[in-house]
Each structure stands twice: as C-alpha cells, then as structure tokens.
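This is what each chain is made of:
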Amino acid sequence: MSRILHRSLHADPPLAVRGSGMYLFDETGRAVIDGSGGASVACLGHGNARVNEAIAAQLADVAYVHTALFSNRAAEQLADTLLDGEPGGLSHAFFCSSGSEAMEAALKLARQYFQEIGQTRRQHVIARRQSYHGTTLGALAAGGNAMRRAPYLPMLAGPYSHVAPCFPYRFQDSGESDDEYVDRLAEELEAEFQRVGPDTVMAFCAEPVVGATTGCVAALPGYFGRVREICDRHGALLILDEVMCGMGRTGTLHAWEQEGVSPDIQMVAKGLGGGYQPIGGILIGRRVVDGLRAGSGGFMHGQTYQAHPVACAAALAVQKVIAEDGLLANVRAMGEALSNGLTQRLGNHRHVGDIRGRGLFWAIELVADRGSKAVFDPGLKLRERVAQAAYERGLAIYPMGGTIDGVRGNHVIISPPYIATAGDIGAIVDRLGDAVDAVCLGVGFGSA
Ligand SMILES: Cc1ncc(COP(=O)(O)O)c(C=O)c1O
C-alpha cells in the first residue's frame, strides 16, 4: 500500500502518469477522458505547450521572491490582466496558493476593513447551508456543509451563521412560483441580519453557482439582486466564492456577470491556474482597498508563497490562452451541447432526478425514485459506484454525496476542459449514460 495518506486508506487510487489534452493516462496504459478537469480545475486540459513554456521561462528568470522585499512581473501582469477596466468595481488582487487560503484572506480582509473604517462591531458572517468555502478552519467555519463540519464542530465556534441556499429542485415548495421562492429566501436573509444585529454583520458569503456540495446549482433569476440589496442596505460586504464556478467555467469569465451584481470581494482559484500550478486569490473592490489605504495602509495578512512568480506565470498563461483562443465562446457552445446530450440520454432516466448547470459546469442528481425524489440509501455510495463504472469505461467524473443536507443525496459533476470538442462531449455523455445504467439499474431500489 502507498505511504501517502490518501482519501481512502483501504484502497490506493490509480496512478496517473501522463496527461494530454482531454485525456489522462494511468500506469496500466488506460486512456481516460478528463470529464471533470479533476475537481473542475483543468480548464485547458493537460500538457498545454504555451503554459508549460511560460512556466519554464519564469523558472529560468526567477522562481521565487519574497513579497516583503519584491514584487514580480508575473504577479503584476496577472493582476493587470484580471483587473483591466476594473470589472464590477474590482481594482486589486491578492494571490495565494488555494481556494481555502483565498477564503481565509477574504474573511480577514473584510474584518480589517471594518476595523479600519471604525465599524468595529462588524464581525459576523452569514453564509448558506450546503455551501463549501474551503477546508481550513476559518473557511470550514464559514461553510455550511454539515458533513464536512461535523468532526470539527468544537473548533468552529465563531461569528458564523447559515441561511438556506437557493436550491429549487430540493427546496422550492410545490406550487411556489420562482418569485415567491426568491422572496422567501430574501426574507430569511433579512431576518438573519435582524437576529444577529445588522450592524454586527461584516459579510454575506455565497457561491454564485454552488459547486461540489450540491452539484452545480445556480440561483434563480433575481436572487442575487435581492442579496446585494440587503447587504447594501445594512452596510455589509458581499463575498462571492468563485473558486469552482469562476474564471470562465459557467461561460462568462465571472459567474456573477450572469446575475447582474458584482461582489466586494471575490475568491478565485481552480480555473485561474487550470491546475498547472497551485494558485488562488481574491479580487477586491476599490472601496475596500480605499478603506485600508486611508487607515493602516496595508493588508495585515501575509504568506510565504503569496504572489508566487511561477504560479502567477502559469495563471497568466492560462488566462491568455482562454482569451486568445476564444475559449469562453467554446464553453458556451459545448455547454449547450452537453446540456442537450445529458437531457437526451438521461432526461427520462428513472434514477436521474435533475440535470442542472451552466456553461461546462453540469451535474446529474441520482435518485432512487424520480417521481418522489427519494434518495438512495447513503450507505450504497451510489455516486462512487457510478464514478468507478465511468472510469472503467474511460471517463473521469467528480462524484459527491450529501447533496441535500450533507448526508442524503448523490450527484456527479461533469465539468470538462474548455477545449472540449463536440466529439468529446458525445463520448462523455455516452460513457456516463452507460455507467449510470450499469450501476443504478443494478442496485435495486433501496431508498432512504
Ligand atoms: C467553492 C469553493 N470554495 C473553496 C474551495 C477550497 O479550495 P481549495 O480546495 O483549493 O482549498 C473549494 C474547493 O473545492 C470550492 O469548491
């Protein structure tokens, strides 16, 4: 057995030895379509020559400098590229090495901002149930995924509370219109502000399209407009977590572009560097930066590897490829093909309750019974069986359980690289459909 503390200590995962374009190859020589870019990370697929060259060039120039002494060209150019024209009022960036670190930075920046503008009572964060904002203790405390939080609850006490997500398939009442559902959620958020004291709330935090925990759930039209209005009325910041759904994944560079709102602080990570280097970051609104500038004059948060030259060079190259190759248009076109393909192949499947997503960010929710939406017994770990069956058919997808409440429900995510062709999408749909048939039609109908 491996000496690595793998996700399971009972079985070692296959060893990946090579990647090329849409494909990964394991040590047995099996070729697998990377149908989810890992965890929605590999947005350019594997082995992109332009990105590899940019990394090599940066290594030849300088691999590392410490930000207390130096800036570096790659980080400066990456920030200039991302913030050109100040999209949504975002004017500055802070780069770190992961989504979790981005969340920690966002939380600390929000707190420091309010301290410096003299609103020192603001420390409370309202987030949503079934959200995921990262694995470090601050990010886990802010997140709302009951299963991931459970073992660490004694360490997660703090100024965090959670309201309902906008998750129509599971939580919109029958007979309730979209507008009525959005009204109900806005009223709940307003009530939570009132419960904790509006002048104590520092931020509301949400994923524009919820990723791993519920499976590609976009909010209903108007929801984020209401959220923005409530935050503004009470003077709280809006933090949007685009670690998974951002940087083009949903067909626009930022997922918030499709919601008609922009955040005060935005987290980015996976699609920023496409997996070529570990990198995350926050994009920050000018008013927050101005608050710090007029106060202490700096962000009191630092990490050894922040703005890492090689990571920034990789991310800059990834973003250039996305722009130069017009990949956002491909995400939209192939997203439509994926949506149509999934609907045709699985839309009437008795064990597929919902097919949802945006761009190249899709999930299918697996159910024991389509009519009643009853879930499979969680002990069956249906999603893992489907992922295994897909792997055996040459397709990698991203399985997750606890779709509804952290325990009940199964879904798998399909989020292929932005370079996918119509042929790739067809193969993904065929292999996924076969895997779902093989597993779901074979397990009987145990529901819970
Ligand atoms: C929405 C969201 N936020 C934060 C994170 C944490 O990112 P990382 O795993 O890079 O720390 C993730 C990771 O899956 C995520 O999906």
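Here's a quick rundown of the structure. (Residues numbered from 1 in each chain as written. Predicted model: local features only at pLDDT ≥ 70, side-chain atom pairs only at ≥ 80, totals over all residues. Heavy atoms only, no water.)

## Notes on the overall build of the chain
Broken down by element type, the chain carries 15 helices and 17 strands. For the chain, whose C-alpha radius of gyration is 22 Å, the value lies close to the compact-globule estimate of 22 Å for 448 residues. Structurally, the chain occupies a C-alpha span of about 65 × 60 × 45 Å along its principal axes. The buried share among the 448 residues of the chain stands at 55%. Sequence separation of 24 or more characterises 73% of the internal contacts of the chain that already satisfy a separation of 6 or more. (Helix = DSSP H or I, 4+ residues; strand = E, 2+ residues; numbered from the N terminus. Rg over C-alpha atoms; globule rule 2.2 N^0.38 Å. Buried < 20%, exposed > 50% of the residue type's maximum accessible area, 1.4 Å probe, protein only. Contact = heavy atoms within 4.5 Å.)

## Considerations on the site of the ligand
Residues in close proximity to the ligand include Ser98, Gly99, Ser100, Tyr132, His133, Gly134, Glu207, Asp241, Val243, Met244 and Lys270, which together make up its full environment. One nitrogen or oxygen atom from the main chain of glycine 99 is found 2.9 Å from an oxygen atom belonging to the ligand. At a separation of 2.5 Å, an oxygen atom of the ligand approaches a polar side-chain atom of serine 100. With the chains in place, 84% of the 390 Å² that the ligand exposes on its own is no longer accessible. (Near = heavy atom within 4 Å. Polar contact = N/O pair within 3.5 Å; in protein donor to acceptor, adjacent residues only side chain to side chain. Areas by Shrake-Rupley, 256 points an atom, 1.4 Å probe, with all protein chains shown as cover.)

## Quick notes on the sheet that holds strand β1 (residues 16–20)
In a beta sheet, neighbouring strands are held together by backbone hydrogen bonds and run either parallel or antiparallel to one another. The strand order β1-β2-β3-β15 describes an open sheet built from 4 strands, whose pairing is mixed. Edge positions in the sheet fall to β1 and β15 (395–396), since each of these pairs with one other strand and no more. Relative to strand β2 (residues 23–26), β1 runs antiparallel, the two being bridged by 4 bridges. In the sheet register, alanine 16 faces β2, and the bridge partner there is aspartate 26. (Pairing = 2+ DSSP bridges.)

## Points about the nonpolar core
Soluble globular proteins tend to pack their nonpolar side chains together in the buried interior. By size, the foremost hydrophobic cluster in this structure holds 50 residues, and its most contacted members are Leu78, Phe204, Tyr223 and Leu272. Those residues in contact with phenylalanine 204, other than ones at most four positions away along the chain, are Ile126, Ala127, Arg128, Val163, Leu189, Tyr223, Val227, Cys231, Leu237, Leu238 and Ile239. Membership of the second largest hydrophobic core comes to 47 residues, among which are Met22, Val318, Ile355 and Val436. (Core = buried A, V, L, I, M, F, W, Y, C linked by side-chain atoms within 4.5 Å.)

## Notes on the pairing of strand β14 (residues 361–366)
Of all the 6 residues making up β14, 6 are buried; the element is thus mostly covered by neighbouring parts of the structure. Alternating residues of β14 divide into Phe361, Ala363 and Glu365 and Trp362, Ile364 and Leu366, and every residue in both groups is buried. Of the pairings in the sheet, the one linking strand β13 (residues 352–358) to β14 comprises 6 bridges and is antiparallel in character. When the sheet's bridge partners are listed, glycine 357 is paired in β14 with tryptophan 362. Between β13 and β14, which pair antiparallel one after the other, the connecting turn spans 2 residues, and glycine 359 there sits at a positive phi close to 60 degrees. Across 5 bridges, the pairing between β14 and strand β17 (residues 410–414) is antiparallel. Opposite alanine 363, over in β17, you have isoleucine 413 as the bridge partner.

## Structural notes on the sheet that holds β13
Sheet architecture is open: 4 strands sit in the order β13-β14-β17-β16, paired in antiparallel fashion. Bordering the open sheet on either side are β13 and β16 (398–401), each of which pairs with just one other strand. Going across the sheet, the axis of each strand differs from the next one's by a mean of 20 degrees, ignoring polarity. Its contacts with the sheet place helix α13 (residues 327–346) against β13, β14 and β17, and it is angled at close to 15 degrees to β14. (Axes fitted to C-alpha atoms, helices over the stretch in contact; angles between N-to-C directions.)

## Some thoughts on the side chain of glutamine 172
As for its position among the elements, glutamine 172 is in the loop between α7 (168–171) and α8 (178–196). We classify glutamine 172 as buried; its relative accessible area is 19%. Among the polar contacts listed, one links the side chain of glutamine 172 to the backbone oxygen of serine 177, at a separation of 3.4 Å. The residues contacting glutamine 172, other than those within four sequence positions of it, are Phe167, Ser177, Asp178, Tyr181, Arg184 and Leu220.

## Remarks on the pairing of strand β5 (residues 124–128)
With 5 of its 5 residues buried, β5 lies for the most part within the structure. Of the two faces of β5, the one holding His124, Ile126 and Arg128 and the one holding Val125 and Ala127 are both buried throughout. With 3 bridges joining them, β5 and strand β7 (residues 201–206) adopt parallel strand pairing. Counterpart to isoleucine 126 in the pairing with β7 is phenylalanine 204. Two elements, β5 and strand β6 (residues 160–163), share 4 bridges in a ladder whose sense is parallel.

Fair warning: the whole summary comes from geometry, so function is off the table for now.
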